[in-house]
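What follows is each chain in one-letter form.
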Amino acid sequence: MPRLKSVMDAARPAAPWKERERRAQREGLRHLVVSHLGDSYTGEWHADKRHGRGTQVWAQQGLVYDGEWRHGRRCGFGTLSVREAWPGGEAGLVEKGEELVRKEAGLVGKGAVQWRRIYSGEWKDGKRHGQGSEFTADCWYEGSWERGERSGWGRARYRNGGLYHGEWRHGETWGQGVMHYPAEGSSNSSSSSSSSWYEGGWQAGQRHGPGALHVPHRGVVLRGQWRQGQPRCGTWEHEEGAAGGEEEGGAAAASPGRLPFAMPTLELQNPELVLKEAMEELKLES
């Protein structure tokens, strides 16, 4: 039979350990909370968990997150940065100009030790999720994220001058997209009209499926089927409006229907059958 609470039970104070536990619960805004590892958090709390707006610093990893939290996890909009020291120290900053240095390198803060942004955007359950921008040594990416990976539509500009915009999956180019390759001797693909570009299917970071590789400086385009980055079958065509230089064939490149280089003689006994079998094989593999 259940015991009914009496008036005396209601008036009885809570156990001392429960009161101490209640007071130890972090709630509301706290100026600074430091762990035994040296990590620190400044911001809002709820039910003894980081909740609301706050800044977390991981001392050993040299990382800092400034943004929104929910039930102890990064959730909402926030920025993740890494600590970096300017190679020239304070002298190097003064020599070139501190404000200019921070702007060029994407750094924040003052002095020789700076914070370089790694990611700025939306989070969910502690992972990058939604729309956001990532800054790495090799490329800059802006677009969609899902469970910590690039997924959906996005664009990436690479350090070598390449530019991709299209679909992503599992952190790699996957789906339909366009890749602009840097021109030879140029670090910026957008500054040269002679750079080649590919438009079509992608899978696991490689050209896969139907696509077209445009080579403007030769005035041609390769249209066909690709598998794991390599063309399996296709045709070279003259690209209308492409300009060919004298060193690339001159008038031959500007004439419709003619290629600026010699094509090998086709010696297949039944080229239509070979092409048909290759197309069927690609369909089965995809």
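Residues numbered from 1 in each chain as written. Predicted model: local features only at pLDDT ≥ 70, side-chain atom pairs only at ≥ 80, totals over all residues. Heavy atoms only, no water.

**Details of unusual backbone geometry**
- Phi is positive for His170, which is not a glycine, with a value near 55°.
- For His170, a relative accessible area of 48% gives the class partly exposed. (Buried < 20%, exposed > 50% of the residue type's maximum accessible area, 1.4 Å probe, protein only.)

**Points about the pattern of salt bridges**
- Tallied over the full model, the rule gives six salt bridges.
- What emerges from the salt-bridge pattern is a single network uniting Arg128, Glu134 and Arg150. (Salt bridge = Lys/Arg side-chain N within 4 Å of Asp/Glu carboxyl O.)

**Regarding the pairing of strand β16 (residues 230-238)**
- Where strand β15 (residues 220-227) and β16 come together, eight bridges link them in antiparallel fashion. Paired with Gly224 across the strands is Gly234, a residue of β16. (Pairing = 2+ DSSP bridges. Helix = DSSP H or I, 4+ residues; strand = E, 2+ residues; numbered from the N terminus.)

**A look at the nonpolar core**
- One finds Tyr65 and Leu213 to be the most contacted residues of the largest nonpolar core, which totals 22 residues.
- Residue assignment for this core shows that the elements contributing at least two residues are β2 (40-46), β4 (63-70), β7 (113-124), β9 (139-146), β11 (163-169), β13 (197-203), β14 (206-215) and β15.
- The greatest single-element share of this core, amounting to three residues, is contributed by β15.
- In this view, Tyr65 contacts Gly54, Thr55, Gln56, Trp58, Arg74, Cys75, Phe77, Gly78, Thr79, Leu80 and Trp123; residues no more than four positions away in its chain are not counted. (Core = buried A, V, L, I, M, F, W, Y, C linked by side-chain atoms within 4.5 Å. Contact = heavy atoms within 4.5 Å.)

**Quick word on the environment of Glu44**
- Tracing the backbone through its elements, the reader meets Glu44 in strand β2.
- Residue classification places Glu44 among the partly exposed residues on the basis of a relative accessible area of 34%.
- In this structure Glu44 touches Gly28, Leu29, Lys49, Arg50, His51, Gly52 and Arg53, once residues within four positions along its chain are discounted.
- Within the structure, the side chain of Glu44 is placed 2.7 Å from the backbone nitrogen of Arg53, a separation counted as a polar contact. (Polar contact = N/O pair within 3.5 Å; in protein donor to acceptor, adjacent residues only side chain to side chain.)

**A few points about the packing of aromatic side chains**
- One pass over the full model with this rule turns up 12 aromatic pairs.
- Look at Tyr41 and Trp69: their rings are 5.7 Å apart centre to centre, the planes differ by 85°, and that puts the pair in the edge-to-face class. Of the two residues, Tyr41 is situated in strand β2 and Trp69 in strand β4; the sequence distance between them amounts to 28 residues. For the residue pair Tyr41 and Trp69, the accessibility class agrees, reading buried in each case.
- Between Tyr119 and Trp145, the aromatic rings sit 5.3 Å apart at their centres with planes inclined by 80°, giving edge-to-face as the arrangement. On the criterion of sequence distance, the pair formed by Tyr119 in strand β7 and Trp145 in strand β9 is long-range, its members being 26 residues apart. A single burial state applies to Tyr119 and to Trp145, both of which are buried.
- Here the basic side chain of Arg50 rests over the ring of Tyr41, its NZ or CZ set 6.0 Å away from the ring centre. (Phe/Tyr/Trp six-rings, centres within 6.5 Å; stacked < 30°, edge-to-face > 60°. Lys NZ or Arg CZ within 6 Å of the ring centre and 35° of its normal.)

Just distances and angles here, no functional claims.
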